[in-house]
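# Chains, contacts and geometry: an overview
Below are the chains, spelled out letter by letter.
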Amino acid sequence: MLLINATLATMDGSPAYGLVEQGAVAIENGVIAWAGPGQTVPARFDAGEVIDLDGRLVTPALIDCHTHVVHGGNRAREFEMRLEGASYEEVARAGGGIVSTVAATRAATEDELVASALTRVDAMIAEGVSTLEIKSGYGLDTANELKMLRAAKAVAAQRQVRVRTSYLGAHAVPPEYKGRGDAYIDEVCITALEAAHAEGLVDAVDGFCEGIAFTPEQIVRVFERAKELGIPVKLHAEQLSNLGGAKLAAEYGALSADHLEYATADDAAAMAKAGSVAVILPGAFYTLRETAAPPINAFREAGVPMAVATDCNPGSSPMSSLLLSMNMACTLFRMTPEEALAGVTRNAARALALDDTGMIAPGLRADLAIWNVEHPAELAYRIGFNPLFKRIFGGAS
């Protein structure tokens, strides 16, 4: 397949989106074989299928690197409660929040979890997403954490989408362990991690380091076991307060630290040294009506790569639009449109430890999005509008 007469936003780290006007992309065996100016296409690619894109924009397909897309039920009533004045912490301490989704997730079958997740995944695919991360964390016992991870794997089997799984057993203390967080970590969280790893269900290990969740000391125990098992880690850090989660993640060479509303310049420096990605999640900031914004300038100055994701979940970010996440990152946090697009392509791939996607370059997977726009800034500019023309997944459209 040869795509011609296109504007390429290669997102290869070059300035100005790595833009190539009047560009072309050649695809062979599901891989990008060549990309560059249309007038320099090697002759051998002319013999295959040639598609004239009539000036449309081609970007790497989008990557949503932080989602909780597999879950049972919804939390619309808690949305009402927050609008009536209750804080996120008050809702959680009253038995709502994460633990309410735990009850719904435990009650659902694996097939039911897959079916409900697919409605959200289909919306993501329709916006040009080729790869997404899916977390567990609403089972909070061995059987249900494994059920969630199996459901996540089933999503990839039923749709043309790549799925990376993150084990999030350290998400919340379940009701049966209320007040016994340490016992939960030792008796359930680590045990379930070992079982999930043995079944080949875990690509990364995550945790929620926060006053309503787990302390840094408790997260360390989970990370130590992950390290012994050879599994990379990431962390929900500094979302509602600063407990030192970002620095802890950096100490363990985490793939990413996520949320980061209360992170500091020192946290940014630690993450830069470790090579950790800052995953920016404007949907949760918006839904919770937060006032502390992540320190975008500090990340820029320290050279921390920034990803952008939906955080699609039933409580704090019931959003499945990565395009909207890009707009929010620009409008709420003053990221540039180029930073936002890098955040859902190149840097999102890095946050998932994927080195075969996220850019338009020879040798990478032919996961591409073709858009009915003239300039890549339009992807972050419009609100509630999906300009996708076609998605190419592994070379197939």
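Analysis parameters
- Residues numbered from 1 in each chain as written.
- Predicted model: local features only at pLDDT ≥ 70, side-chain atom pairs only at ≥ 80, totals over all residues.
- Heavy atoms only, no water.
- Phe/Tyr/Trp six-rings, centres within 6.5 Å; stacked < 30°, edge-to-face > 60°.
- Buried < 20%, exposed > 50% of the residue type's maximum accessible area, 1.4 Å probe, protein only.
- Helix = DSSP H or I, 4+ residues; strand = E, 2+ residues; numbered from the N terminus.
- Axes fitted to C-alpha atoms, helices over the stretch in contact; angles between N-to-C directions.
- Parallel < 35°, antiparallel > 145°, perpendicular 65-115°, else oblique.
- Left-handed = near helix turned anticlockwise from the far one by under 90°.
- Contact = heavy atoms within 4.5 Å.
- Nonpolar A, V, L, I, M, F, W, Y, C, P; charged D, E, K, R; others polar.
- Expected span 1.5 Å × (residues − 1).
- Bend = angle between axes of the 7 residues up to and from the residue.
- Salt bridge = Lys/Arg side-chain N within 4 Å of Asp/Glu carboxyl O.
- UniProt positions renumbered as here; feature names shortened; annotations may be inferred.
- 1 Å grid on protein atoms, 1.4 Å probe; cavity = no way out; pocket = protein on both sides within 12 Å on 5 of 7 lines; lining within 4 Å.
- Polar contact = N/O pair within 3.5 Å; in protein donor to acceptor, adjacent residues only side chain to side chain.
- Points joined across faces, edges and corners; volume = space filled by probe spheres on them.

Under the definition given, this model contains four aromatic pairs. Here the aromatic rings of Y177 and Y184 are separated by 5.8 Å at their centres, their planes lie at 70°, and the arrangement is edge-to-face. Judged by relative accessible area, which is 13%, Y177 ranks as buried. Accessibility expressed as a relative area gives 0% for Y184, which makes it buried. Both rings, one in F285 and one in F333, keep their centres 4.9 Å apart while their planes meet at 75°; by these two values the pair is edge-to-face. Linking F285 in helix α10 (residues 282-287) with F333 in helix α12 (residues 322-333), this pair joins segments that are 48 residues apart in sequence.

All right, on to the packing of helix α5 (residues 142-158) against helix α6 (residues 181-198) then. Interhelical geometry of α5 versus α6 gives an angle of 45° and a closest axis separation of 9 Å. Comparing their axes, α6 and α5 come out oblique. Helix-helix and strand crossings are classified by hand; for α5 and α6 the assignment is right-handed. Seen from α5, the contacting residues are T142, L146 and L149; seen from α6, they are V188, T191, A192, A195 and A196. Tallied by class, the residues present in the contact of α5 with α6 amount to six nonpolar, two polar and no charged.

We now examine the environment of V161. In this structure, V161 sits in the loop between α5 and β8 (162-170). In this structure the C-alpha to C-alpha distance between V161 and D367, which are 206 residues apart in sequence, comes to 9.9 Å. In contact with V161, other than residues within four places in its own chain, are V121, I125, S130, T131, L132, V155, A156 and F393.

Turning to α6, a few remarks are in order. The end-to-end C-alpha separation of α6 is 24 Å, in line with the 26 Å expected for 18 residues at 1.5 Å each. In α6, a bend of some 25° at C189 exceeds every other bend along the element. Turning to α6, its buried residues number three or more, namely G181, A183, Y184, I185, V188, C189, I190, A192, L193 and A196. At its buried positions, α6 is contacted by α5, β8, β9 (204-209) and α7 (216-229). Of the residues flanking the end of α6, it is G200, one or two places downstream, whose phi is positive at about 70°.

Let's shift gears to the pattern of salt bridges. The tally for this structure, following the rule as stated, stands at 19 salt bridges. With its nearest N and O atoms 3.7 Å apart, the salt bridge here joins K234 to E133. Of this pair, K234 sits in strand β10 (residues 234-237) while E133 sits in strand β7 (residues 129-135); the two residues are 101 residues apart in sequence, bridging distant segments of the chain. A single burial state applies to K234 and to E133, both of which are buried. Between D356 and R162 there is a salt bridge, with the nearest N and O atoms lying 3.1 Å from each other. Of the two residues, D356 sits in the loop between α14 (346-351) and β14 (368-371) while R162 sits in strand β8, which places them 194 residues apart along the sequence. You can call D356 partly exposed: its relative accessible area is 23%.

Time to look at the environment of I360. Position of I360 among the secondary structure elements: in the loop between α14 and β14. Setting aside anything within four residues of it in sequence, one finds I360 in contact with A9, T10, V25, I32, A35, V58, T59, P60 and L368.

In the numbering adopted here, UniProt assigns the feature "binding site: Fe(3+)" (unreviewed entry) to H66, H68, H236 and D311. Their sequence span is 246 residues, while the largest C-alpha to C-alpha distance among them is just 12.4 Å; these annotated residues converge on one region. Those annotated residues from the list above that line the largest cavity are H68, H236 and D311. Within the fold, H68 resides in the loop between β6 (62-64) and α1 (76-83). If near-sequence neighbours (up to four positions away) are discounted, H68 is found in contact with K135, S136, Y138, L168, H171, H236, D311, C312 and N313. A polar atom in the side chain of H68 sits 3.5 Å from the side chain of H236. Relative to the assigned elements, D311 resides in the loop between β13 (306-308) and α12. D311 gets classed as buried once you look at its relative accessible area, which sits at 1%.

What follows concerns empty space enclosed by the protein. Counted according to the given criterion, the structure contains two cavities of 30 Å³ or more. The volume enclosed by the largest cavity comes to roughly 100 Å³. Along its surface, the largest cavity is lined by 13 residues, and H68, Y88, H171, N313 and S316 are the ones closest to its centre. Considered class by class, the residues forming the lining of the largest cavity number four nonpolar, seven polar and two charged. Put simply, the second largest cavity is a space of about 40 Å³. Taken together, E133, R164, T165, S166, D203, A204, P232, K234, L255, L352 and A353 make up the lining of the second largest cavity. With three residues, β8 is the single largest residue contributor to the lining of the second largest cavity.

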